[in-house]
Amino acid sequence: MKATRIQGRIWALTNPEGRLYNDIDTDQIFHNRYLHITDVAQMGQYSLDNLKGWEDFAKKAQPGDIVVAGGNFGAGSSRQQAVDCFRALGIAAIVAESFGAIYKRNAINSGLPIVALPGLVGLAGAFHSGDTLAVDFATGEVVRNGQVYRAEPFSQVQMDIYQAGDIFAYGKQLEGQDG
Amino acid sequence: MGKTFAEKVLARNVGLDGVTAGQIIIARPDKLLSHDNTAAISKHFYKIGLERVHNPDVEVIVLDHVVPAASEADAVNHKVIREFVARQGIAGFYDVGTGICHQVLPEYGHAWPGAVIVGSDSHTPTHGALGAFAAGIGRTEAAAVMATGQLWLRVPGSFRIVVEGTWPARVSAKDLILHIIGDLRADGADYRSVEFAGPAIRALSVAGRMVLCNMSAEMGAKNAVVEPDETTRAWLAGRVTRPYVEVHADPDAVYERVIPYDVTHLAPQVARPHTVDNVCPVGEVAGRPIHQALIGTCTNGRLEDLEAAGEILRGKQIARNVRLLVLPASREVLLAALEKGLIADLVAAGATVLNPGCGPCLGAHQGIMAPGEVTISTANRNFKGRMGSKEAFTYLASPATVAASALTGVITDPREV
């Protein structure tokens, strides 16, 4: 079993005014000029390099870090590089107010933990880059400095895929059930 | 209790009497669409350890994103795809020049009423215009569908958008969907199935319906649909030979929202940089200088779009300081436009006609912008940096508005030229 409760350092994706960015689209996460890259390991270095103020994110991020963002994170294109680039960097989880529909599927299917925390943008002052955050995927509990926030827990299929590793490993389990 | 379109199509696909919004099902897609990203998908596929795809007849692969290859890396990806297609015996493969995947898939009969279509492209909802359930997915799960023929889906909740009224001159489906996205915002229909209904929708051609369904992705929709009617059947005749069962929502279906619109007094609309929901009537931005005008893409590269541009530009000259790029959505569209003399009209007016494909829409080639430049485009996205420089600006509008703006060199209301 993989850990369902993790702890890590926050990168709060804020704009120059200090507020969490909403609607960070897939071109800001992984710009179209890198779309020819098919090797996941090569994708990390370009993460967020088209998001104002975060061009150097890939150099600063460490494995185990947690990304915090506003609403509709990952809107736009279906490009999975926008998920894979964070996996390449070893990002432990993304906590956002909400996610773009395809982004959500891509993350779940890749086994990248994503957690939607409704009302997060209103709480923005409570999440600073560098702080430590604990996230419980099973209960949806998000804890910072003893303060507990209620996020959406993983759905069953999300937990199953996460535990299996990714959609392929999960698919093999399904095939096994079919006999 | 009645069922929505999405609930009915997905229940039929999984062989259940009924499914309900929120339920997670394991669907068996009728078609899986992919494009240049098939290079990466095939890599994922072989990593699974299988030799053969589950069913090669499900695959539809169209090279459209960077065609012809603009770099050695693109060329290698294309080559990998051709080898994958040959090895797997995939008949539904369309090489460079056939067109954009969302135009080619229906043209070659791969979309029909009641079909479940998934595609590793976010504009896959386009095929709802033919009465299919069509949704975008990612490349990992596209590889999983190749391997297993299956995919988990959460049955989406539904909105029904009912559109009344009569279409004014030089106002089109593009203006309506921009207006709706401006109202509902970029996440307003997140993970929802959007049903378009009402007399103004019935009056639209299949091309117009494709515009609505295509751009529903820009308000987060999982899928969008226009239920089939005589217009649909006429378009499908000769393309789809297999028998199909049309799916219509029940009259007493349960919707999260029913949203009424009326197009009678709708003005041409424009999405300003850098988000698609930053919409206003064209009058509010009229007069802003442009450097480039683009007519094409999976949103507006069809014959009626080129006709709308031709009607405005025929016998005239575009402004000296403007580049007008025209990209027919497919070879079929290009041939029809040639036969009608439209291509000659547009070229004579100063247009640069490019080969069918995605062109500069996603910033890979064929007209990317320099810092400070402004493009007005018929595409579906204007994200910062999408068409090249991060310091460039993209406005989105209808083919008529783009053509009128190319003519004057500034953003222009097409009703005034």
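Treat the numbers as computed from the prediction; the structure is a model and nothing was measured.

**Q** Could you give an account of the overall build of chain B, naming the residues involved and the relevant values?
**A** Check the secondary structure of chain B and you find 14 helices and 18 strands. Expected size for 417 residues packed as a compact globule is a radius of gyration near 22 Å; at 20 Å, chain B falls within 12% of this value. Its C-alpha atoms give chain B principal-axis dimensions of roughly 60 × 50 × 40 Å. Buried positions account for 62% of the 417 residues belonging to chain B. Of all intrachain contacts in chain B linking residues separated by at least 6 positions in sequence, the fraction that spans at least 24 positions is 77%.

**Q** Describe the confidence of the model for chain B, and please don't skip the residues or the numbers.
**A** Predicted confidence across chain B gives a mean pLDDT of 97, with 100% of residues reaching 70 or more. Complex prediction metrics read pTM 0.93 and ipTM 0.83.

**Q** Before we move on, could you go through the interface of chain B and chain A and cite the residues and values that matter?
**A** Every contact between the two is made by 38 residues of chain B and, on the other side, 31 residues of chain A. If you list the elements that add at least two residues to the side of chain B that touches chain A, you get helix 2 (38–48), helix 3 (72–88) and helix 5 (139–148) of chain B. When residues of the side of chain B that touches chain A are assigned to their parent elements, the largest contribution, 6 residues, is made by helix 5 of chain B. Grouping the amino acids of the side of chain B that touches chain A by side-chain chemistry returns 14 nonpolar, 12 polar and 12 charged.

**Q** Can you break down helix 6 (residues 173–184) of chain B residue by residue, with the values?
**A** With 12 residues, helix 6 of chain B extends 16 Å from end C-alpha to end C-alpha; this agrees with the ideal 16 Å at 1.5 Å per step. Most of helix 6 of chain B sits inside the fold, with 11 of its 12 residues counted as buried.

**Q** I'd like a rundown of the nonpolar core, residues and numbers included.
**A** Residues Leu13, Ala69, Ile94 and Val95 of chain A together with Leu212 and Ala403 of chain B are the most contacted members of the largest nonpolar core, which totals 188 residues. Considering each element in turn, this core owes the most residues, 7 residues, to helix 6 of chain B. Counting the residues that make up this core, at least three belong to each of domain 1 (5–237 + 250–261) and domain 2 (270–416) of chain B. For Leu212 of chain B, the residues in contact, after removing those within four places along its chain, are Ala173, Leu176, Ile177, Phe196, Ala224 and Val226 of chain B. In this structure, Met369, Met387, Ala392 and Phe393 of chain B belong to the second largest nonpolar core, which totals 5 residues.

**Q** Hey, could you go over the domain arrangement of chain B for me, with residue numbers and the actual values?
**A** Residues and elements named next belong to chain B. Segmentation of chain B into domains returns domain 1 (5–237 + 250–261) and domain 2 (270–416). For domain 1 and domain 2, the distance between their C-alpha centres works out to 24 Å. Going through the elements one at a time, helix 4 (101–107), helix 6 and helix 8 (206–215) are the ones with two or more residues in the side of domain 1 that touches domain 2. Looking at the side of domain 1 that touches domain 2, the element that brings in the most residues is helix 6, giving 6 residues. A per-class count over the side of domain 1 that touches domain 2 returns 12 nonpolar, 13 polar and 7 charged.

**Q** Mind laying out the pairing of strand 2 (residues 66–69) of chain A, listing which residues take part and the relevant values?
**A** Regular strands place their side chains on alternate faces of the sheet. Residue and element names in this part refer to chain A. Every second residue of strand 2 is oriented toward a common face, with Ile66 and Val68 on one face and Val67 and Ala69 on the other, all of them buried. Here strand 1 (residues 5–12) pairs with strand 2 via 3 bridges, running parallel. Following the sheet pairing, Ile10 is matched in strand 2 by Ile66. Alignment of strand 2 against strand 3 (residues 93–96), held across 4 bridges, turns out to be parallel. In the strand pairing of strand 3, Ile66 is matched with Ala93. Considered for its hand, the β-α-β crossover made up of strand 2, helix 3 (residues 81–89) and strand 3 is right-handed.

**Q** Pulling in residues and values, what's your account of the sheet that holds strand 2 (residues 31–34) of chain B?
**A** All names here are of chain B. Reading across from one edge, 4-3-2-5-6 is the order of the 5 strands in this open sheet, with parallel pairing throughout. Only two strands of the sheet have a single neighbouring strand rather than two, namely strand 4 (93–94) and strand 6 (133–136). Pairing of strand 2 with strand 3 (residues 59–62), which is carried by 3 bridges, proceeds in the parallel orientation. The partner of Leu32 across the bridge, within strand 3, is Glu59. Across the sheet, helix 5 is in contact with strand 2, strand 3 and strand 5 (116–119); its angle to strand 2 comes to roughly 140°.

**Q** Any details on the environment of Gly149 of chain B? Residues and values, ideally.
**A** All names here are of chain B. Mapping Gly149 onto the fold places it in the loop between helix 5 and strand 7 (151–154). Sequence separation of Gly149 and Cys298 is 149 residues, and the distance between their C-alpha atoms is 26 Å. With sequence-adjacent residues up to four places away left out, Gly149 is seen in contact with Arg28, His54, Asn55 and Val58.

Rules used throughout
Residues numbered from 1 in each chain as written. Chains lettered and ligands numbered in written order. Predicted model: local features only at pLDDT ≥ 70, side-chain atom pairs only at ≥ 80, totals over all residues. Helix = DSSP H or I, 4+ residues; strand = E, 2+ residues; numbered from the N terminus. Rg over C-alpha atoms; globule rule 2.2 N^0.38 Å. Buried ≥ 20, exposed ≤ 12 C-beta atoms within 10 Å, placed from the backbone. Contact = placed C-beta atoms within 7 Å. pLDDT = per-residue confidence, 0-100. Nonpolar A, V, L, I, M, F, W, Y, C, P; charged D, E, K, R; others polar. Expected span 1.5 Å × (residues − 1). Core = buried A, V, L, I, M, F, W, Y, C linked by C-beta atoms within 7 Å. Domains from an automatic or database assignment. Pairing = 2+ DSSP bridges. Right-handed = clockwise from strand over helix to strand, strands pointing away. Axes fitted to C-alpha atoms, helices over the stretch in contact; angles between N-to-C directions.

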